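Structure assessment
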Amino acid sequence: MCGIVGALSKNAQKIVLEGLSRLEYRGYDSAGLAVQSENGTVHTRKATGKLAALRAEIEQNPLPAAALAIGHTRWATHGSATTVNAHPHSSHGPAPKVTVVHNGIIENYEELKAELKAEGYTFVSETDTETLPCLLSWALAQGQSEAEALALLTTRCRGNYAVLAVVEGAKGTRLLATRRGAPLCLGLGKGGENFVASDPLALASVTDKFVYLEDNDTVVITPEKTEVRDASGTPVTRPVQVLNLADDMAGKQGYKHFMLKEMMEQPAVAARILEAYTKDGEVQLPLTAAHAAAPAITIVACGTAYYAGMVGGYMLEELAEVPTQADVASEMRYRKKPYPKGGLMIVVSQSGETADTLAALEHAKAAGQTIIALTNVTTSSIARAAHVVIDLMAGREVAVASTKAFLAMVLVLQLVALKLAALNGQQNAATVASHLKDIHLLPMHLMNILAEAPKWEPIAEKLASAKNPTHSMLYLARGMLTPLAYEGALKMKEITYIHAEGYASGEMKHGPIALVDETLPVVNIAASNDGLFEKTISNLKEVEARHGQIILIVDEEGAKQLSYPSPTPQIPGSYPAPTHPYLIITPSVPRLLLPYTHLLPLQFLAYQTAVFKGTDVDQPRNLAKSVTVE
Ligand code: M6R
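Residues numbered from 1 in each chain as written. Predicted model: local features only at pLDDT ≥ 70, side-chain atom pairs only at ≥ 80, totals over all residues. Heavy atoms only, no water.

1. Quick look at the overall build of the chain
Heads up, the rule is: Starting at the N terminus, helices and strands are each numbered in turn, a helix being any DSSP run of H or I of at least four residues and a strand any DSSP run of E of at least two. Both definitions apply: the radius of gyration is a C-alpha atom measure, and the globule rule equals 2.2 Å times residues to the power 0.38. To sort residues, take the accessible area from a 1.4 Å probe on protein chains only and compare it with the maximum for the residue type: under 20% means buried, over 50% means exposed, and anything in between is partly exposed. We call two residues in contact whenever any of their non-hydrogen atoms come within 4.5 Å of each other. Computed with the Shrake-Rupley method and a 1.4 Å probe, the accessible areas treat only the protein chains shown as cover for residues. Here Asp and Glu are counted as negative and Lys and Arg as positive; His is not counted, and neither are the chain ends. The atom standing in for a charge is NZ when the residue is Lys, CZ when it is Arg, CG when it is Asp and CD when it is Glu.
Within the chain one finds 21 helices and 26 strands. Relative to its length of 630 residues, the chain is compact, with a C-alpha radius of gyration of 26 Å against a globular reference of 25 Å. Here the C-alpha coordinates of the chain stretch approximately 80 × 55 × 45 Å along the principal axes. Looking at the 630 residues of the chain, the share that counts as buried comes to 60%. For the chain, the share of sequence-separated contacts (at least 6 apart) that also reach a separation of at least 24 residues comes to 73%. Of the roughly 23300 Å² of accessible surface on the chain, 52% is carried by carbon and sulfur atoms. With 54 positive and 63 negative side-chain charges, the chain shows a separation of 2 Å between the mean positions of the two kinds.

Shown next as structure tokens:
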């Protein structure tokens, strides 16, 4: 989603452009940069599309030398992706002229706009952002200090935001910043330099020292110092964190796409998690008997993290026997839910910055729930707001379509379930050790499956071809594998733009079966040992009877029992429809490992189809890696 970078340095422009390019993976549709030259004048350049377009614009219309620059990548919310709507935005009206970049949404911008118009300000864009420079300009014109003007933003603006501002004609080189809900951190330079960004990664080449700002903090940043005040206006010192971002800066390492690299890393991710969180047949997580005594657990997350949470819910109920409900954060945050006394909320988020997930966390925390955050970024807002933080250890995920983080989420949730089960007595030491013995074979199973992936390319090639007239797909599964149907369909939608729906197989007769004809690809996810095999296969037969194009992901034993010829001579997408399903065979594994072994083919099917279609795999249209607005 949107990215912010600011620099006070003699190389300000270069540092900001480089910082923005590090944030490119997050998804955006326009970009802009402003510099303040020595005489205090602010100069802005903007362009729609990728950063290359902004660089070209700057090459055509060079900016003056400057020791201050602010930059932004915009993911459109209010107003489409045009140059006028791109950031930075400046105030138009009474002096001083203020220029800002902004992440988030100002919910009461219409009301503010009306007030500011009455004060003589005019507006040129469709954005909510434009109210911010005007409000700051108005406050400064009233004689308020920079800190007071920033404080006015925090009291007058509703919504979540991170804002960076520069005032034309200001004495010396100074940046103003504030945040609420959206992330913003200061990067401390070695002397005569300071930086600020919405993600420390943007500043990885210039500093390793960061200060995370709290909600409603206001900051005046000069090359020499950073003056932070809290919501009451009192000067405060926030802790300095030293971050080693070297691994996060690693590129594609020879892979064609980040998504492919990240899928291939999954055996290593599983091994890393098991190494960190298990020892001598026991789970080692910072969970206590008090956590295990919770009468109920709520899991909240969005998108892929939500589907991982659903799988985790099945595991928690089965292993720890604690009633568990997974819900999407955007719904949970507004529910009038009677949380149980002493209840646990498990918050799952790769980025740790997802706005809805953070809001659901705060909602439950205010209701007295103990919050356990599973996140891949332990310095994130979600990690900082939780009572207990468990690192997902997936390593930075760059591709917008989440893959290795899903696997990490499910695995860590499984370990949480085993730990709680050991603590609340639902599993004895021997059964926990036996589960862990099975789980330790996971990296090996995953490696074996990855070796099979090239075999699935012909299916993907067919799926990518225009021969599928409905341009739609159905994914079906039962039980603990049902969330995989949702996740498989989500992956396919995200990166191929083929419409795909995930359904619990048992629901098919209640509607989606109307879609099935000889042109519809239907991915069936089945396992001989999940206790539901016969029922899943009955649903598959119903699709077969209507000549649907079946892709069956099934374990080796299940494939044997079905005795379809393998490999199938015809593949989905052939007309007329093949007489029997195309099989993707996974190893036979203990039941609780099925969510992992059946996951990989789903990820690859989407990836390979996208490659055949030629879509932008790592940065699909309209999507953002970290969804920091509601
Ligand atoms: O960073 P989070 O895990 O909180 O992100 C949640 C979703 O936005 C994310 O999983 C999204 O659905 C992905 N693009 C899925 O591939």
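2. Focus: the sheet that holds strand β7 (residues 161–167)
Stated precisely, the cut-off is as follows: Paired strands, in this sense, are two strands between which DSSP finds at least two bridges. The angle between two axes is taken between their N-to-C directions and runs from 0 to 180 degrees, where each axis is a line fitted to C-alpha atoms and a helix contributes only its stretch in contact.
Taken together, the six strands give an open sheet; going across it, the order is β5-β6-β7-β8-β12-β13, and neighbouring strands pair in antiparallel fashion. The strands lining the two open edges of the sheet, one partner per strand, are β5 (89–90) and β13 (226–229). Pairing of strand β6 (residues 98–104) with β7, which is carried by seven bridges, proceeds in the antiparallel orientation. Directly across from Val 101, in β7, lies its bridge partner Leu 164. Against the sheet, helix α4 (residues 131–141) contacts β5, β6 and β7, and its axis sits at roughly 135 degrees relative to β6. Contacts between helix α5 (residues 146–156) and the sheet are confined to β7, β8 (175–180), β12 (218–221) and β13, with β8 contributing the most and set at about 25 degrees to the helix.

3. Some remarks on the pattern of salt bridges
Our working rule: Salt bridge, as used here, is a side-chain nitrogen of Lys or Arg placed within 4 Å of a carboxyl oxygen of Asp or Glu.
Applying the stated criterion to the full structure yields 23 salt bridges. Of the charged contacts in the structure, one is a salt bridge between Glu 111 and Arg 158, with a shortest N-O distance of 3.8 Å. With Glu 111 in helix α3 (residues 109–118) and Arg 158 in the loop between α5 and β7, this residue pair connects regions lying 47 residues apart in the sequence. Connected via shared salt-bridge partners are Glu 111, Glu 115, Arg 156 and Arg 158.

4. Looking at the site of the ligand
Let me state the cut-off plainly: Working definition: residue near molecule or strand if any one of its non-hydrogen atoms lies within 4 Å of it. Polar contact is the term for a pair of N or O atoms within 3.5 Å; when the atoms are in protein, one must be able to donate a hydrogen and the other to accept it, and sequence-neighboring residues count only if both atoms are side-chain atoms.
Lining the immediate surroundings of the ligand are 15 residues, of which Ser 349, Gln 350, Ser 351, Thr 354 and Glu 494 lie closest. Side-chain polar atom of Thr 354 to an oxygen atom of the ligand: 2.4 Å apart, as the coordinates give it. Between an oxygen atom of the ligand and a main-chain N or O atom of Ser 402, the distance comes to 2.8 Å. In isolation the ligand exposes 410 Å². Once the protein is present, 92% of that is buried. Secondary-structure elements contributing two or more residues to the shell around the ligand are α9 (303–320) and α17 (482–496).

5. What to know about the domain arrangement of the chain
Selection criterion: Note that the domain bounds reflect an automated or database-derived domain assignment.
By the assigned domains, the chain splits into domain 1 (3–254), domain 2 (264–440) and domain 3 (450–613). Inter-centroid distance (C-alpha atoms) of domain 1 to domain 3 is 46 Å.

6. Regarding the packing of helix α15 (residues 442–452) against helix α21 (residues 599–613)
The criterion, for reference: Each angle is binned into one of four classes, with values under 35 degrees roughly parallel, values over 145 roughly antiparallel, values of 65 to 115 roughly perpendicular, and all other values oblique. What makes a crossing left-handed is the near helix being turned counterclockwise from the far one by less than a right angle; a clockwise turn instead makes it right-handed. Following the grouping adopted for this structure description, the nonpolar residues are Ala, Val, Leu, Ile, Met, Phe, Trp, Tyr, Cys and Pro, the charged ones are Asp, Glu, Lys and Arg, and the polar ones are all others, Gly among them.
Relative orientation of the contacting elements α15 and α21 amounts to 30 degrees, with a least axis distance of 10 Å. As the angle between them shows, α15 and α21 are arranged roughly parallel. As for how α15 packs across α21, the hand of that crossing is right-handed. Every residue of α21 that contacts α15 at Leu 446, Ile 449 and Leu 450 is listed here: Leu 600, Pro 601 and Phe 604. Its residues placed into classes, the contact of α15 with α21 shows six nonpolar, no polar and no charged.

7. Some words on unusual backbone geometry
That bond from His 87 to Pro 88 is cis: its omega, 0 degrees, falls within 30 degrees of zero. Relative to the elements of secondary structure, Pro 88 occurs in the loop between β4 (66–74) and β5. The omega torsion across Ala 95 and Pro 96 is 0 degrees, close enough to zero to call that bond cis. Relative to the elements of secondary structure, Pro 96 occurs in the loop between β5 and β6. Despite not being glycine, Asp 280 shows a phi value in the positive range, around 50 degrees. Along the chain, the position of Asp 280 falls in the loop between β15 (278–279) and β16 (282–283). Located in the positive-phi region is Asn 622, a residue other than glycine, with phi close to 70 degrees.

8. So, the side chain of Asn 539
Within the secondary structure, Asn 539 sits in helix α18 (residues 533–545). The exposure class of Asn 539 is buried, given its relative accessible area of 2%. Contact partners of Asn 539, with chain neighbours within four places excluded, come to Arg 478, Ser 505, Gly 506, Met 508 and Lys 509.

9. Here we look at the packing of aromatic side chains
Applied cut-off: Ring pairs are drawn from Phe, Tyr and Trp, using the six-membered ring of Trp, whenever the two centres fall within 6.5 Å, and their geometry is named by plane angle: stacked under 30 degrees, edge-to-face over 60, tilted for the rest. By definition, being over a ring means that NZ of Lys or CZ of Arg is both within 6 Å of the ring centre and within 35 degrees of the ring normal.
All told, the structure shown has three aromatic pairs when counted by the stated rule. Ring centres 5.5 Å apart and planes at 45 degrees place the aromatic pair Tyr 307 and Tyr 486 in the tilted group. Of the two residues, Tyr 307 sits in helix α9 while Tyr 486 sits in helix α17, which places them 179 residues apart along the sequence. Overall, Tyr 307 belongs to the buried group, its relative accessible area being 17%. Ring centres 6.1 Å apart and planes at 70 degrees place the aromatic pair Trp 456 and Phe 604 in the edge-to-face group. Taken as a pair, Trp 456 in the loop between α15 and α16 (457–464) and Phe 604 in helix α21 lie far apart in primary sequence, 148 residues in all. Phe 604 shares its class with Trp 456; the two are buried. Cluster of aromatic residues (ring-pair linked, three or more members): Tyr 306, Tyr 307 and Tyr 486. Lying across the ring of Tyr 497, Arg 621 places its NZ or CZ 3.8 Å from the centre.

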